[in-house]
Amino acid sequence: MANIQVNQVYYPKQPVQSLKKQEARSFADQLKQTIESQVSFSHHAQVRLEQNGISLSDQQLQQLNDGVEKAREKGSKESLMLMKDLAFVVSVKNNKVITAMKQDNMENQIVTNIDSALIL
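Residues numbered from 1 in each chain as written. Predicted model: local features only at pLDDT ≥ 70, side-chain atom pairs only at ≥ 80, totals over all residues. Heavy atoms only, no water.

Asker: Looking at this structure, how should I read the overall build of the protein?
Answerer: Counting secondary structure elements, the protein contains three helices and five strands. The helix and strand sequence of the protein, counted from the amino end, reads α-β-α-α-β-β-β-β. Per-residue burial for the protein yields a buried fraction of 27% across its 120 residues. Long-range pairs, those at least 24 residues apart, make up 55% of the contacts in the protein with a sequence separation of at least 6. Working note: accessible area of the protein is about 9500 Å², and carbon and sulfur atoms make up 50% of it. (Helix = DSSP H or I, 4+ residues; strand = E, 2+ residues; numbered from the N terminus. Buried < 20%, exposed > 50% of the residue type's maximum accessible area, 1.4 Å probe, protein only. Contact = heavy atoms within 4.5 Å. Areas by Shrake-Rupley, 256 points an atom, 1.4 Å probe, with all protein chains shown as cover.)

Asker: Please clarify how the pattern of salt bridges should be interpreted in this entry.
Answerer: Oppositely charged side chains can pair when the atoms bearing their charge come close. Considering all chains together, one arrives at one salt bridge under this definition. Residues Glu-69 and Arg-72 are paired through a salt bridge, measuring 2.6 Å at the closest nitrogen-oxygen approach. Here Glu-69 and its partner Arg-72 are both found in helix 3 (residues 58-73), three residues apart, which amounts to about one turn of the helix. Since its relative accessible area comes to 32%, Arg-72 is described here as partly exposed. (Salt bridge = Lys/Arg side-chain N within 4 Å of Asp/Glu carboxyl O.)

Asker: Can you help me understand helix 3 in this one?
Answerer: One full turn of an α-helix is made of 3.6 residues, so residues set three or four places apart face in the same direction. Along its 16 residues, helix 3 runs 23 Å from first to last C-alpha, staying within 8% of the 22 Å computed at 1.5 Å per residue. Within helix 3 the residues assigned to the buried category are Leu-64, Asn-65, Gly-67, Val-68 and Ala-71. In an axial view of helix 3, the angular spread of the buried residues amounts to 160°, which keeps them on one side of the axis. Exposed residues lying more than 90 degrees from the buried face of helix 3 are Asp-58, Gln-59, Lys-70 and Glu-73. (Expected span 1.5 Å × (residues − 1). Arc of directions from axis to C-beta.)

Asker: How should the nonpolar core be read in this particular structure?
Answerer: Across soluble globular proteins, nonpolar side chains show a tendency to be buried alongside one another. Leu-64, Met-81, Phe-88 and Val-97 are the most contacted members of the largest nonpolar core, which has 17 residues in total. In this structure, Phe-88 is in contact with Leu-49, Leu-56, Leu-64, Ser-79, Leu-80, Met-81, Met-83, Val-97, Thr-99 and Ala-100, ignoring residues within four places of it in sequence. (Core = buried A, V, L, I, M, F, W, Y, C linked by side-chain atoms within 4.5 Å.)

Asker: In this structure, what is going on with the side chain of Ser-116? I would like to understand it.
Answerer: By secondary structure assignment, the location of Ser-116 is in strand 5 (residues 116-119). At a separation of 2.9 Å, a polar atom in the side chain of Ser-116 contacts the side chain of Ser-76. (Polar contact = N/O pair within 3.5 Å; in protein donor to acceptor, adjacent residues only side chain to side chain.)

Asker: For this particular structure, what's the right way to read the pairing of strand 3 (residues 86-91)?
Answerer: It is a general feature of regular strands that their side chains alternate between the two faces of the sheet. Counting buried positions along strand 3 yields six of six residues, so the element is predominantly enclosed. Pairing of strand 2 (residues 78-83) with strand 3, which is carried by six bridges, proceeds in the antiparallel orientation. Note on strand 3: the bridge partner recorded for Leu-80 is Val-89. Where strand 3 and strand 4 (residues 96-102) come together, six bridges link them in antiparallel fashion. Looking at strand 4, one finds that Leu-86 is bridged to Lys-102. Remark: four residues form the turn of the hairpin made by strand 3 and strand 4, two consecutive strands paired antiparallel; Asn-95 in that turn has positive phi of roughly 55°. (Pairing = 2+ DSSP bridges.)

Asker: How should I be thinking about the pairing of strand 4 in this particular structure?
Answerer: Looking at chain direction, strand 1 (residues 40-41) and strand 4 are connected through two bridges and run parallel. Each bridged residue has a counterpart across the sheet, and for Ser-40 the counterpart in strand 4 is Lys-96.

Asker: Help me out: how do you make sense of unusual backbone geometry in this one?
Answerer: Most peptide bonds adopt trans geometry, and most residues besides glycine take a negative phi value. Phi at Lys-84 takes a positive value of approximately 50°, unusual for a residue other than glycine. Along the chain, Lys-84 falls in the loop between strand 2 and strand 3. Residue Lys-84 is classed as exposed on the basis of its relative accessible area, which comes to 83%.

Here you go:
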């Protein structure tokens, strides 16, 4: 530590960073993480939703997002998510719904290339 005497001006070697800048950076990071954590739908999934007349409520989308987070925490890569009369195959690592179907269309269907299943 340098010898500093009373009434002597001290100049630090590194500039002092403002706390507000650090908070702003962390808020921006949190916002980016929140936006990226929202599940999106592939073109194929969008077509399936339209063909089957499926529209998801905000609550259902939140359930899907929560399911993706739970699957991620368990180390899943591709997951089948069952929600009442709907089924979604989701790429957990990409936050993307690959396909969607109604229960009516699920009979005799085989779902491949998944490593987990969640009942929402």
